[in-house]
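# Coordinates in review
The residues making up each chain are set out below.
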Amino acid sequence: MIADQTNIRRNDASLTSARRALYFVLPVLVIVGALIAYKSSAALVVIGKVSATGVFTPRGNVIPRVGASEAGVVTRTLNYFLVIWPALVFGILISGAVSTFVSPQWLARFLGTRSLRSQAIAGLAGAPLMLCSCCAAPIFTGVYERSARLGPSIALMLAAPALNPAALILTFMLFDYKVGTVRLAASIVAVLFTGMIADRLLGETRVHCDMDNWQAAARPADFLHFLRACARVTVRLVPVIVLGVLASMIIAQMISVRTFNSPAAQFLAIIVVAAVAVPLALPTFFEIPLAVILLGSGAPMGAALALLIAGPSVNLPSLLTIARSTNWRVAGVVAASIWILAVASGVFVSLL
């Protein structure tokens, strides 16, 4: 009789745990699933057009063509947010959902300790999101502040734009297979090692991680926590992202076509393009037509590849977000790592 009652209590506890897990995991899965469906449908349309026409035409009113100035900096900034706002909203919602519904203990166990395995897990989680770096930045904040795992949080943020499956497919479709292969390999290296390098160089990171047990009750009123978390992320990060985009548009406006048309300065062109691409804010896929434009302007293939690697991986808004959530040293290490990787990849493909 006592054994039967013990088994009943255990079964009830298991059912309660399952309900709680479903209650807290389901909102995150719904938001992430909606994001993947939205990005996948848009990506398939772009891939279909490129497959039919063999070209990918950029929007000149967002990122200026090299040497052109059809619109002003403020206009381009507004147009940029008109393009990315749905994905940015998804990024804020995912950050708020992680902060509200995902247990810090579970997230810390899922991401693990400093290892390639945890970096790979975070990369695999980020790649299907297919977000630009601006829109992935709020997710970094949510995951990092919830898990206190710097390396995997950076890996997840980098994987969303750098390992975007549709962008990689378009790269193989529009460029030589060597360019696509090196871009894929460099992106994997960035995801696996950039966060780990930052974590190891700067030692143990410290972040306040909310360990309250209010989640255990699984109350419907917890939706208010979610709304507050989304509002907090918006207030903290959107102004930083706006300033970063505005600054990157100023940088883009200053690029001159003469920067790339010197055949005697191929190595210098790779360095310059990588340095410009790191802070430059680009919507999803925009690095591809810009790389084509660079080639048409006389830039070497290595410079185009440096843009394909550094352009989507990070930008000034995402670096400012990292700095706000951690410190400037972490943001500097991430920027330097991506720049070095882009330059090395550009030089390598130029020697092939």
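Structure: above.
Summary of the structure given here. Along each chain, numbering runs from 1 in the same order as the chain's sequence is written. In keeping with the model being predicted, local features are shown solely for residues with a pLDDT of at least 70 and side-chain atom pairs are shown and tallied solely at 80 or more, while totals for entire chains, interfaces and linings include all residues. Hydrogens and water molecules were not included; the side-chain quantities draw on all heavy atoms of the structure.

## What to know about the nonpolar core
Threshold: To qualify as a nonpolar core, a set must consist of buried Ala, Val, Leu, Ile, Met, Phe, Trp, Tyr and Cys residues joined through side-chain atoms within 4.5 Å. Accessible area is worked out with a 1.4 Å probe on protein chains only. A residue is then buried under 20% of its type maximum, exposed over 50%, and partly exposed in between. Only DSSP runs of H or I reaching four residues or more are called helices, and only runs of E reaching two or more are called strands; each is numbered from the N terminus.
In this structure, Tyr80, Leu131, Cys134, Ile154, Val245 and Leu307 are the most contacted members of the largest nonpolar core, which totals 100 residues. For this core, the element with the highest residue contribution is helix 2 (residues 73–101), accounting for eleven residues.

## Quick word on empty space enclosed by the protein
To keep it simple, the criterion reads: With a 1 Å grid spanning the protein atoms alone, the term cavity applies to any set of points in which a 1.4 Å probe fits but cannot get out, the term pocket to an open set with protein on both sides within 12 Å along at least five of seven lines, and the term lining residue to any residue with an atom within 4 Å of a point. Grid points are joined across faces, edges and corners, and a volume is the space filled by probe spheres set on the points. Polar here means any residue other than Ala, Val, Leu, Ile, Met, Phe, Trp, Tyr, Cys and Pro, which are nonpolar, and Asp, Glu, Lys and Arg, which are charged; Gly is therefore polar.
Tallying each qualifying case throughout the model produces three cavities of 30 Å³ or more. Lining of the second largest cavity is provided by 15 residues; of these, Cys132, Pro161, Thr284, Glu287 and Pro312 occupy positions nearest its centre. Taken together, the elements giving at least two residues each to the lining of the second largest cavity come down to helix 6 (150–162) and helix 12 (301–313). Counted by class, the lining of the second largest cavity contains ten nonpolar, four polar and one charged residues.

## Description of the packing of aromatic side chains
To keep things clear, this is the line we draw: Under the pairing criterion, centres of Phe, Tyr and Trp rings, with the six-membered ring standing for Trp, must be within 6.5 Å; the plane angle then separates stacked pairs below 30 degrees from edge-to-face pairs above 60, leaving the rest tilted.
Counted according to the given criterion, the structure contains three aromatic pairs. Ring geometry for Tyr80 and Phe81: centres 5.7 Å apart, planes at 90°, overall edge-to-face. With a centroid separation of 5.6 Å and 5° between ring planes, the pair formed by Phe140 and Tyr144 is classed as stacked. Taken together, the positions of Phe140 and Tyr144, both in helix 5 (residues 133–147) and four residues apart, correspond to about one turn of that helix. Residue Tyr144 is classed as buried on the basis of its relative accessible area, which comes to 1%.

## Points about the packing of helix 8 (residues 177–202) against helix 12
The angle between the axes and the distance between the axes are what describe a pair of packed helices. As a reminder of what qualifies: The axes used here are C-alpha line fits, helices contributing only the stretch in contact, and every angle between their N-to-C directions lies in the interval 0 to 180 degrees. Put simply, a crossing is left-handed when the front helix is turned counterclockwise from the back one by less than a right angle, and right-handed when it is turned clockwise. Only heavy atoms matter for contacts: two residues are in contact if any of them lie within 4.5 Å across the pair.
For the pair helix 8 and helix 12, the least separation of the axes is 10 Å and the interaxial angle reads 35°. Both helix 8 and helix 12 take part in a crossing whose hand is right-handed. Here Val179, Val182, Arg183 and Ala186 of helix 8 lie close against helix 12, whose contacting residues are Met301, Leu305, Leu308, Ile309 and Pro312. Residues of the contact of helix 8 with helix 12, tallied by class, amount to eight nonpolar, no polar and one charged.

## Section: the environment of Ala186
Note on placement: Ala186 falls in helix 8. Looking at Ala186, the relative accessible area reads 5%, which means it is buried. Apart from the residues lying within four places of it in its own chain, the contact partners of Ala186 are Ile309, Leu341 and Ser345.

## Brief notes about the environment of Ala304
Within the secondary structure, Ala304 is located in helix 12. Taking relative accessible area as the criterion, Ala304 reaches 0% and is therefore assigned buried. In this structure, the C-alpha to C-alpha distance between Ala304 and Ala274, residues 30 residues apart in sequence, is 9.1 Å. Among residues more than four places away in sequence, those in contact with Ala304 are Ala291, Leu294 and Leu295.

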